[in-house]
Amino acid sequence: MTDLVSDGQRLILPNGDSVPCSMGRSGLIAAQDKREGDGATPLGRWRLVQVFYRPDRILDPIRTALPIQPLTEHSGWCDAPDDPAYNQFVSRPYAASHEAMWRDDGLYDIVVTTDHNTNPALPGLGSAIFLHCRHETGKPTAGCIAIARDVLQHLLTDLEPESWLVIQQEI
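These notes cover the structure that comes with them. Only a predicted model underlies this, so the values are computations on that prediction, with no experimental measurement involved.

### Observations regarding the sheet that holds strand β10 (residues 98-100)
Thinking step 1. Spatially, three strands are ordered β9-β8-β10 in an open sheet, and the strand pairing comes out antiparallel. Of all strands in the sheet, those with a lone pairing partner are β9 (89-91) and β10, marking the two edges. Averaged over all neighbouring strand pairs, the angle between strand axes comes to 40°, with direction disregarded.
Thinking step 2. Direction of pairing for strand β8 (residues 75-78) relative to β10: antiparallel, over a ladder of three bridges. Bridging across to β10, Cys78 finds its partner in His98.

### Some remarks on the packing of aromatic side chains
Thinking step 1. Tallied over the full model, the rule gives four aromatic pairs.
Thinking step 2. Measuring from centroid to centroid gives 6.4 Å for Phe52 and Trp77, while their planes differ by 80°, and the two rings are edge-to-face. With Phe52 in strand β6 (residues 44-53) and Trp77 in strand β8, this pair connects stretches of sequence that are 25 residues apart.
Thinking step 3. The exposure class assigned to Phe52 is buried, which follows from its relative accessible area of 1%.
Thinking step 4. Seen from their ring centres, Tyr108 and Phe130 are 5.6 Å apart, and the 75° between their planes marks the pair as edge-to-face.

### Quick look at the side chain of Asp83
Thinking step 1. By secondary structure assignment, the location of Asp83 is in the loop between β8 and β9.
Thinking step 2. Buried charge Asp83 goes without a salt bridge, the closest partner of opposite sign being Arg92 at 13 Å.

### As for the pattern of salt bridges
Thinking step 1. A full pass over the atoms with the stated rule returns eight salt bridges.
Thinking step 2. For Asp56, the salt bridge identified is with Arg54, shortest N-O distance 2.7 Å.
Thinking step 3. Classification of Asp56 by relative accessible area gives partly exposed; the value is 43%.
Thinking step 4. You can call Arg54 buried: its relative accessible area is 3%.
Thinking step 5. Salt bridges linked by common partners bring Arg57, Asp109 and Arg149 together as one network.

### Considerations on the side chain of Gln50
Thinking step 1. Here Gln50 shows up in strand β6.
Thinking step 2. When residues no more than four places from it in sequence are discounted, the contact partners of Gln50 are Pro67, Ile68, Gln69, Val111, Val112 and Thr113.

### Thoughts on the nonpolar core
Nonpolar side chains in soluble globular proteins tend to be buried together.
Thinking step 1. Membership of the largest hydrophobic core comes to 26 residues, with the highest contact counts inside it found for Leu4, Leu11, Val112, Leu131, Ile147, Leu152 and Leu155.
Thinking step 2. At the level of secondary structure, the elements contributing two or more residues to this core comprise β6, β11 (110-114), β12 (130-133), β13 (145-147), α1 (149-155) and β14 (163-167).
Thinking step 3. No other element matches β6, which puts four residues into this core.
Thinking step 4. Residue contacts for Leu152: discarding those within four places in its chain leaves Ile110, Val112, Leu131, His132, Cys133 and Ile147.
Thinking step 5. Core analysis: the next-biggest nonpolar cluster, separate from the first, contains eleven residues, Phe52, Trp77, Met101 and Cys144 among them.

Criteria and cut-off values
Residues numbered from 1 in each chain as written. Predicted model: local features only at pLDDT ≥ 70, side-chain atom pairs only at ≥ 80, totals over all residues. Heavy atoms only, no water. Pairing = 2+ DSSP bridges. Helix = DSSP H or I, 4+ residues; strand = E, 2+ residues; numbered from the N terminus. Axes fitted to C-alpha atoms, helices over the stretch in contact; angles between N-to-C directions. Phe/Tyr/Trp six-rings, centres within 6.5 Å; stacked < 30°, edge-to-face > 60°. Buried < 20%, exposed > 50% of the residue type's maximum accessible area, 1.4 Å probe, protein only. Lys, Arg positive; Asp, Glu negative; His and termini not counted. Salt bridge = Lys/Arg side-chain N within 4 Å of Asp/Glu carboxyl O. Contact = heavy atoms within 4.5 Å. Core = buried A, V, L, I, M, F, W, Y, C linked by side-chain atoms within 4.5 Å.

Here's what the structure looks like:
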């Protein structure tokens with residue numbers, strides 16, 4: 001079992017190294033208070049579920065024990081609380097509100113999904129809480145945790161089916 005621990009400012013890797021990370025623009029929030037679109041990162045322990053990547057930008061083979069799926073220009077993630085596919089991968093075009101996962105800015109070149117608000121997804125309690133690539137300036141996310149792309153790509157080799165992202169107030 002691998003735990004990645006973050007306080008929203010840094011992420012502790014399995015080897016004990018600490019790397020800078022970005023969190024939601026609204027800071028950290030108790031998971032039960034998380035709401036769709038609030039820009040906050042939910043505190044808690046979230047299982048890392050699946051890896052998505054841009055095959056046109058990540059040319060080296062992805063090595064991880066997690067399920068892997070290449071993104072396409074039609075990849076999306078539903079963020080419409082009243083839709084049956086809320087907080088799930090969808091194919092675009094998609095009628096309900098959704099986020100495009102094929103992005104020009106590189107933030108989703110590698111994305112690791114979490115089990116935040118899944119099984120079942122409760123309407124409005126937040127979607128798309130990912131571990132993904134960090135903006136080069138370190139700008140905040142919309143609620144995810146983000147680290148440098150090269151660090152994330154290397155980290156994938158340490159992830160197992162029972163790997164967790166722990167988001168807490170202090171490390």
